[in-house]
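Structural characterization, general
As a plain string of letters, each chain reads:
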Amino acid sequence: RRTTSSGGGVSRGGHGEESPSSGSRTPEGVTYLIDTLGRFKAFAESSKAELAQKHAEEETQLQSDIHASENDEVRAALEQSVTSNKESLTENTRIYEEMVKFSEAMTGVLKGAAAKG
């Protein structure tokens, strides 16, 4: 059974079907959300690892450039870049960690809600 809501979305009656007009889904939708949160968490974890690798490579290059430079002003600028690189890594790492925590928390809430029916 299909009906059009006043908002223009499609709503379907019956158990296990989606209702885009209300934005809610039945238990099958909970499984979908849990799976999506798992992918979101995996993305955050892999991005965090890639970020750490990228920043390590950048620091190695900057340190090499610092040692190769004979100009004090250039060395000072490169040292500031090292500091900025570390600050950026810290902030972005925190963001990815928060994404992981969010995914875990929401997954727990959804599993709890699904267990209650």
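Residues numbered from 1 in each chain as written. Predicted model: local features only at pLDDT ≥ 70, side-chain atom pairs only at ≥ 80, totals over all residues. Heavy atoms only, no water.

Comments concerning a nonpolar patch on the surface
- A cluster of nonpolar side chains, F40, F43, F102 and M106, forms an exposed patch at the surface whose accessible area comes to about 360 Å².
- Sorting the residues of the nonpolar patch by element identifies α1 (27–68) and α2 (72–116) as the ones contributing at least two each.
- Following the sequence through the fold, F102 ends up in helix α2.
- Taking the relative accessible area as the measure of exposure, F102 reaches 45% and is therefore partly exposed. (Patch = residues over 30% accessible without salt bridge, like charges linked within 9 Å, V, L, I, M, F, W, Y side chains within 5 Å. Areas by Shrake-Rupley, 256 points an atom, 1.4 Å probe, with all protein chains shown as cover. Salt bridge = Lys/Arg side-chain N within 4 Å of Asp/Glu carboxyl O. Helix = DSSP H or I, 4+ residues; strand = E, 2+ residues; numbered from the N terminus. Buried < 20%, exposed > 50% of the residue type's maximum accessible area, 1.4 Å probe, protein only.)

Describing the pattern of salt bridges
- Summed over the entire model, instances satisfying the criterion amount to seven salt bridges.
- Of the charged contacts in the structure, one is a salt bridge between E58 and K54, with a shortest N-O distance of 3.9 Å. Note that E58 and K54 are positioned in helix α1 at a spacing of four residues, about one turn of the helix.
- We classify K54 as partly exposed; its relative accessible area is 43%.
- Residue E98 is joined to K101 by a salt bridge in which the shortest nitrogen-to-oxygen separation is 3.6 Å. Of this pair, E98 and K101 both sit in helix α2, three residues apart, roughly one helical turn.

Some details on the confidence of the model for the chain
- Counting all residues, the mean pLDDT for the chain is 83, and 76% of those residues have values of 70 or more.
- Taking the mean pLDDT of every element in the chain, the minimum, 40, falls on strand β2 (residues 10–12) and the maximum, 95, on α2. (pLDDT = per-residue confidence, 0-100.)

What to know about α2
- Here α2 contains 45 residues, and its C-alpha end-to-end distance of 66 Å stays within 8% of the 66 Å for a straight helix at 1.5 Å per residue.
- Inspection of α2 places L78, V82, N85, T93, Y96, M99, V100, S103, T107 and L110 among the buried residues, and these make up the whole buried set.
- A distance of 2.7 Å separates the backbone nitrogen of E73 from a side-chain oxygen at the start of α2, and that oxygen is part of N71. (Expected span 1.5 Å × (residues − 1). Polar contact = N/O pair within 3.5 Å; in protein donor to acceptor, adjacent residues only side chain to side chain.)

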